[in-house]
Amino acid sequence: MYVNKEKFDMSNTIQVSACDNELIILAYQEGVSYEIGRILSGNGEAVNVSIDLLAGDYVGTSLFNGIITPLDVSITTYIPSGSYSLLFLGINWGGPSSFTVSVGGTALGGTVGQGLGLTWNPGPLAITV
């Protein structure tokens, strides 16, 4: 579905430009959470994922698999209107990890260590949809 970005608030645009290896994006409020997306990447593949978060009926999460191919995706995801916290969970499967995310143009991440498991979580970010 084409959406004219000039007609809505760009502060709810999630831009992911690095993901090594897995990034889970959740929006939650008291009593409910919605998985916005799950990005898998690594092996030096380029990542360019843009998610516009708008008010509407939630139909499920999006999975982007860039493990052996570059990702260049722009989508719109809908959740019921309201105030939410966005949560980013960066998981490393091995080697160095890197997560670069911005929301509404505000940068949230960068290169992190080499540990396994949950290696990046910038804390929740408040948004209104």
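Residues numbered from 1 in each chain as written. Predicted model: local features only at pLDDT ≥ 70, side-chain atom pairs only at ≥ 80, totals over all residues. Heavy atoms only, no water.

Quick look at the overall build of the protein chain
Logical step 1: A count of helices and strands for the protein chain gives zero helices and eleven strands.
Logical step 2: Seen in sequence order, the protein chain has helices and strands lined up from the N terminus as β-β-β-β-β-β-β-β-β-β-β.
Logical step 3: The C-alpha atoms of the protein chain give 14 Å as radius of gyration, which agrees with the globular expectation for 129 residues (14 Å, within 12%).
Logical step 4: Summarising its shape, the C-alpha atoms of the protein chain cover approximately 40 × 30 × 25 Å along the three principal directions.
Logical step 5: Within the protein chain, the proportion of its 129 residues that are buried is 40%.
Logical step 6: In the protein chain, once contacts between residues fewer than 6 apart in sequence are set aside, the share between residues at least 24 apart is 64%.
Logical step 7: Split by element, the accessible area of the protein chain, about 6500 Å² in all, is 54% carbon and sulfur. (Helix = DSSP H or I, 4+ residues; strand = E, 2+ residues; numbered from the N terminus. Rg over C-alpha atoms; globule rule 2.2 N^0.38 Å. Buried < 20%, exposed > 50% of the residue type's maximum accessible area, 1.4 Å probe, protein only. Contact = heavy atoms within 4.5 Å. Areas by Shrake-Rupley, 256 points an atom, 1.4 Å probe, with all protein chains shown as cover.)

Remarks on the nonpolar core
Logical step 1: In this structure, I14, V16, L23, I25, I36, L86 and F88 are the most contacted members of the largest nonpolar core, which totals 26 residues.
Logical step 2: Looking at this core, the elements that each hand over two or more residues are β1 (13–29), β2 (32–41), β3 (47–55), β5 (71–79), β6 (83–92) and β7 (97–103).
Logical step 3: The element best represented in this core is β1, accounting for six residues. (Core = buried A, V, L, I, M, F, W, Y, C linked by side-chain atoms within 4.5 Å.)

Re unusual backbone geometry
Logical step 1: The backbone of N43 shows a phi angle near 55°, a positive value even though the residue is not glycine.
Logical step 2: Inspection of the secondary structure assignment puts N43 in the loop between β2 and β3.

Remarks on the confidence of the model for the protein chain
Logical step 1: A residue-level look at the protein chain finds 92% of positions with pLDDT of 70 or above and a mean pLDDT of 90.
Logical step 2: Counted against residues more than four places away or in other chains, residues 1–8, with its pLDDT under 50, gives twelve contacts. (pLDDT = per-residue confidence, 0-100.)

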